[in-house]
Amino acid sequence: MLKTIKILFILGLLGALSAAAITYGIYQSVKDKIPTVEELREIELQVPLRIYTADHKLIGEFGEKRRTPISYDEIPPLLEAAILSAEDTNFYHHPGVDVFGLGRAVLQLITTGEKQGGGSTITMQVARNYFLSFEQTFTRKFTEIFISLKMEQELSKQEILELYMNKIYLGKRAYGFQAAAQVYYDKRLDELNLAQLAMIAGLPKAPSRYNPIANPSRALIRRNWILQRMLTLGKIDKDSYQEAVESPITALNYGIRSDIEANYVAEMVRSDLYKTFGDALYEAGLSVYTTIDSRKQIAANKAIENGLAEYDERHGYRGAVVTRTDLIDATQEEQLDALSDIPTVGQWTPALVLKLEDQSALIRLPSGERHTLPWEALSWARPYIDHSRRGSAPKKANDIVVEGDILYVKPDPELTWKLSQIPEVQSALVSLNSHNGQIEALVGGLNFFQNKFNRVTQSKRQPGSSFKPFIYTSALTQGYSAASIINDAPVVFNDPNLATAWRPTNDGGKFYGPTRLRQALYRSQNIVSVRLLDEMGVRPTLTFLKRFGFDPNELPNNLSLSLGSANVSPMQIAKGYAVLSNGGHQIEPYLIDRVEGREGEELYQAKPTTVCTDCTLVEVSIDDLLASEQSQESNAQEANAQESNAQADKSQHQVDNRQMGVFESADGDKILPIAPLVIDPEVNYIIYDMMRDVIKYGTGRRARVLKRDDIAGKTGTTNDGRDAWFSGFNGDTVTTVWSGFDNSSELGRGEWGGSVSLPTWIDYMRVALDGTQPSYIKKPSSLITVRIDPTTGERALPGQKNAIFEIFRKQNVPAFRTSPSPTSDDKNGANTSNTHQDTVLEDLF
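Residues numbered from 1 in each chain as written. Predicted model: local features only at pLDDT ≥ 70, side-chain atom pairs only at ≥ 80, totals over all residues. Heavy atoms only, no water.

Caption draft 1: Spotlight on the packing of helix α9 (residues 194-201) against helix α10 (residues 216-232). Orientation of α9 relative to α10, taken along the N-to-C sense of each, is 110°, at an axis distance of 8 Å. If you check the angle between α9 and α10, you find them roughly perpendicular. Contacts between α9 and α10 pair Leu194, Ala195, Ala198, Met199 and Ala201 from the former with Ala219, Arg223, Ile226, Leu227 and Met230 from the latter. (Axes fitted to C-alpha atoms, helices over the stretch in contact; angles between N-to-C directions. Helix = DSSP H or I, 4+ residues; strand = E, 2+ residues; numbered from the N terminus. Parallel < 35°, antiparallel > 145°, perpendicular 65-115°, else oblique. Contact = heavy atoms within 4.5 Å.)

If you want it as structure tokens, here you go:
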């Protein structure tokens, strides 16, 4: 007996030693895979890039793994109870490895030949998810055990559970329970009820098998099993259990839903940051706060959609997306399946025509709801022929649609739904804070997912007459006044920079004769603009345009520049108009205000070039802008033009250098660079006042509906009607709208900047300016207002009845007159002596 005991003891000792040796050998083979204490403490989750508006509304998210980390304190107690009941009942009592659980799993494997039960604790799952692969090998399992034991020594149970809650994969690209709550229920974890918490607690075991969307029956069984476990373990009472198991499945695939639709903005931010962070951008957990104002962005989206819909409907109905007569007698489920294949785009929703009456149509919507379209919702749909022609007006519903048509409808405040179609024409809008360049709203096209081309920044189109204010500002700087007279008469230019002789015309072919510049601008008279540029000289004007942010090398070096023949983007036009809006300062548009790391630490804070009005100067540095300009214009061919403009240049030189440097922001948080003053405030106010007349009397008259006396702007339409613009501003905000076809097709007969883009601008600005006080450009006290003769632009005679008031710079005030002066064909206001070097001009009458 004693001998037997000794043998058993020796065998046991040898077994123990062998086990220790084997364990040590395994440890030596896997020890390099065991993380250090520092690595355990510095675990970082892969968190996607998130982009927000200035008021913290989510715009977009980029990253393969949807994850929103939470702390242990944010875990709902019922969720913790559900997870522990399902995954690791003994979590708070084992050292990281549940020996009994492992033994039970091994016994099942030996007796059945299959792995049935889970022997892994939550700690082991965390070890596997953070440090190991999912390969089914003994080496990996032993490594997992060693890491788990070490984790339990270095981390608290709460820290381990927090890592588990944030790392585990739960299907539908959701990593962590907070992300799962959003993906499946579009709620935060603390908003879920017991049944919903139990549902997502069942996902870690097999996210695809127990997915409530893909496999609702299995998911329901798993959920109710967890609820039963919670009841058995005393985590919930019987009433709570009964209510939860009787709850229906409410999970849906919500994905990541942004608060604000601004996909072009999100892509701009992503693209910009990718240059710095590379692929790490999608896992680093960055939060980017843009300058976008959510209220204005929503208004911009709606204005673009409504503006394009109005244009599209004016040009006729192109027909149904597809006709499916087989769906007329199909089941509702089959009809809804067919509708699900047609995308919803913005406000446009697909619908199936079920039945026609004489002047109405019964439709089914993707929600399953049926609705009758009355004649008022259909009658606009004259057949489309081309952009300038439509067919005859319909008389009955079957002149427009047939049963089985799948078409688009859009909401209507009076009709509920209205027949519509997704426009083929495009539009873009950008709105800036003109004091610092903040982009407050941006829409790069009708629908980002159909076409990701951003027309605000990437599209270069001709701005037409919306470019004229820049030419007129140059003229005012060179000594012209708003009362200067230019003869609006037919003319031929033989410009060496043009292939053939050029005969510019006004829209409509009408000529007005001698015209004041103020009138010419609000009437958008082409001949005046061309003659004006000819008198000033193209090259000096190109140099001047740098003050608005344009690169002279990218602009045409000929007289067509006066009519907006340059290829520029809406962003460039908005940047140029911002100079006029803020009193003459050059700013730089920007979109990213700040970037924060995963812990909320500041990684970047924008310091935009800002107009300094009521601020504290920190230091002033002199930057000789015009010296650079003049050095580029030193060739002999421009000597005469420079001599005639020397006095104006000298004055402007002083203006440009008057406000350069940096200043402290009003809140004292930032030192900001001062926006340089590039336009004389006197000139800037006069051009602003002239552009206000575009709204009062000219091509922008529709904007009077806003009842704002502080707004100014300019329409623009290219000669062939391929591009339609409107840019407008007050003293705080500048907004540019472009409309046209991507393939440069003509917009059609009767379409102009005032009919296509101005309505969109009005819809947006109605919201953007709502609740704001009038913001006028400050009028310099040095300007002088006098009465003039509206025909000649000269000082009015005493008692002259048709005299009008005009604003002048002191040096341009017309002389007093006591008797009428003779008129002459060459009277051009302040600059009748300018030479014509670049062109040969022939008056035709």
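Next comes the rest of the write-up.
Caption draft 2: Spotlight on the sheet that holds strand β23 (residues 723-729). One open sheet holds the five strands; their spatial order is β13-β12-β24-β23-β22, and the pairing between them is antiparallel. Both edges of this open sheet fall to β13 (439-443) and β22 (712-717), since each of them pairs with a single strand only. Taking the axes of each pair of neighbouring strands and ignoring which way they run, one obtains an average angle of 5° across the sheet. Both β22 and β23 contribute to a ladder of six bridges, which runs antiparallel. The partner of Ala712 across the bridge, within β23, is Phe729. Those strands touched by helix α19 (residues 570-581) are β12 (426-433), β13, β22, β23 and β24 (733-740), and its axis lies near 150° from that of β24. (Pairing = 2+ DSSP bridges.)

Caption draft 3: Looking closely at helix α7 (residues 157-167). Counting buried positions over the eleven residues of α7 gives eight, a clear majority of the element. Those residues of α7 that fall on the buried side of the exposure criterion are Lys157, Ile160, Leu161, Leu163, Tyr164, Met165, Asn166 and Lys167. (Buried < 20%, exposed > 50% of the residue type's maximum accessible area, 1.4 Å probe, protein only.)

Caption draft 4: The pattern of salt bridges, seen in detail. A full pass over the atoms with the stated rule returns 31 salt bridges. When the shortest N-O distance is used, the salt bridge between Arg314 and Glu751 registers 3.0 Å. Of this pair, Arg314 sits in helix α13 (residues 294-314) while Glu751 sits in the loop between β24 and α24 (753-756); the two residues are 437 residues apart in sequence, bridging distant segments of the chain. For Arg314, a relative accessible area of 34% translates into the label partly exposed. Given a relative accessible area of 6%, Glu751 falls into the buried group. Residue Arg817 pairs with Glu794 through a salt bridge whose shortest N-O separation is 3.5 Å. In this pair, Arg817 is assigned in the loop between β26 (804-808) and β27 (841-843) and Glu794 in the loop between β25 (784-788) and β26, connecting sequence segments 23 residues apart. On the basis of relative accessible area, Glu794 is assigned to the buried category, the value being 16%. What emerges from the salt-bridge pattern is a single network uniting Arg518, Asp689, Arg692, Asp693, Lys696, Asp709 and Glu806. (Salt bridge = Lys/Arg side-chain N within 4 Å of Asp/Glu carboxyl O.)

Treat this as a map of the structure, not an account of what it does.
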